[in-house]
Amino acid sequence: MNNNAKIGPVPPVIVATSGSTASGDFNHSKAQQDAERASRYRLVIEEGSREGSFIYKTLDRLTGEVVRQLPREQVVAMKGQDDYAAGTVIDTSV
């Protein structure tokens, strides 16, 4: 793993709106609708507080709202505690 890697923004994907398909107008196709819906969101990858950890956020391009974040905020907060160790998220004792 390259520890000097730089994480930067990914440019948006431009979806062509012209053309047609065998089933009719491309502008009303399911593929076009799916592409428009997917282009609304952006993946942002941030470096976590510990070396080698990353936080993945899905942002709504229109509102700036964080739609989904992995790992969840609670897990990130737990990992920041001094007494955190692997397996402490789930109680496996019987």
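Because the structure is a prediction, the values reported are computed rather than measured.

Asker: Please clarify how the overall build of the chain should be interpreted in this entry.
Answerer: Within the chain, the secondary structure is distributed over 2 helices and 5 strands. Reading the chain from its N terminus to its C terminus gives the helix and strand order β-β-α-β-β-β-α. Taking contacts inside the chain between residues at least 6 apart in sequence as the whole, the part at least 24 apart equals 14%. About 7,800 Å² of surface is accessible on the chain, with carbon and sulfur atoms providing 54% of the total.

Asker: It is not clear to me how the sheet that holds strand 5 (residues 66-70) should be interpreted in this structure. Could you clarify?
Answerer: Picture the strands of a sheet paired through backbone hydrogen bonds; they go either parallel or antiparallel. Taken in spatial order, the 3 strands line up as 3-4-5 in an open sheet, and their pairing is antiparallel. The open sheet has two edge strands, strand 3 (41-47) and strand 5, and neither has a second partner. Each adjacent strand pair in this sheet contributes to an overall mean axis angle of 20°, direction not counted. The sheet contact formed by strand 4 (residues 54-60) and strand 5 spans 4 bridges and is antiparallel. Counted as the bridge partner of leucine 59 is valine 66 from strand 5.

Asker: Looking at this structure, how should I read the pattern of salt bridges?
Answerer: Think of it this way: side chains of opposite charge can pair up when their charged atoms draw near. Applying the stated criterion to the full structure yields 4 salt bridges. Across the pair arginine 40 and aspartate 60 runs a salt bridge whose closest N-O atoms are separated by 2.9 Å. With a gap of 20 residues between them, arginine 40 in the loop between helix 1 (30-38) and strand 3 and aspartate 60 in strand 4 connect regions that are remote in the sequence. Given the relative accessible area of 33%, arginine 40 is considered partly exposed.

Asker: Would you mind showing me how to read a nonpolar patch on the surface here?
Answerer: Residues Leu43, Ile45, Tyr56 and Leu70 make up a contiguous nonpolar surface patch of roughly 350 Å² in combined accessible area. Note on placement: leucine 43 falls in strand 3.

Asker: Can you walk me through the environment of glycine 80 in this structure?
Answerer: By the element assignment, glycine 80 lies in the segment after helix 2 (73-79). Since its relative accessible area comes to 54%, glycine 80 is described here as exposed. Along the backbone, glycine 80 and glycine 48 are 32 residues apart, and their C-alpha atoms lie at a distance of 9.9 Å.

Conventions used here
- Residues numbered from 1 in each chain as written.
- Predicted model: local features only at pLDDT ≥ 70, side-chain atom pairs only at ≥ 80, totals over all residues.
- Heavy atoms only, no water.
- Helix = DSSP H or I, 4+ residues; strand = E, 2+ residues; numbered from the N terminus.
- Contact = heavy atoms within 4.5 Å.
- Areas by Shrake-Rupley, 256 points an atom, 1.4 Å probe, with all protein chains shown as cover.
- Pairing = 2+ DSSP bridges.
- Axes fitted to C-alpha atoms, helices over the stretch in contact; angles between N-to-C directions.
- Salt bridge = Lys/Arg side-chain N within 4 Å of Asp/Glu carboxyl O.
- Buried < 20%, exposed > 50% of the residue type's maximum accessible area, 1.4 Å probe, protein only.
- Patch = residues over 30% accessible without salt bridge, like charges linked within 9 Å, V, L, I, M, F, W, Y side chains within 5 Å.

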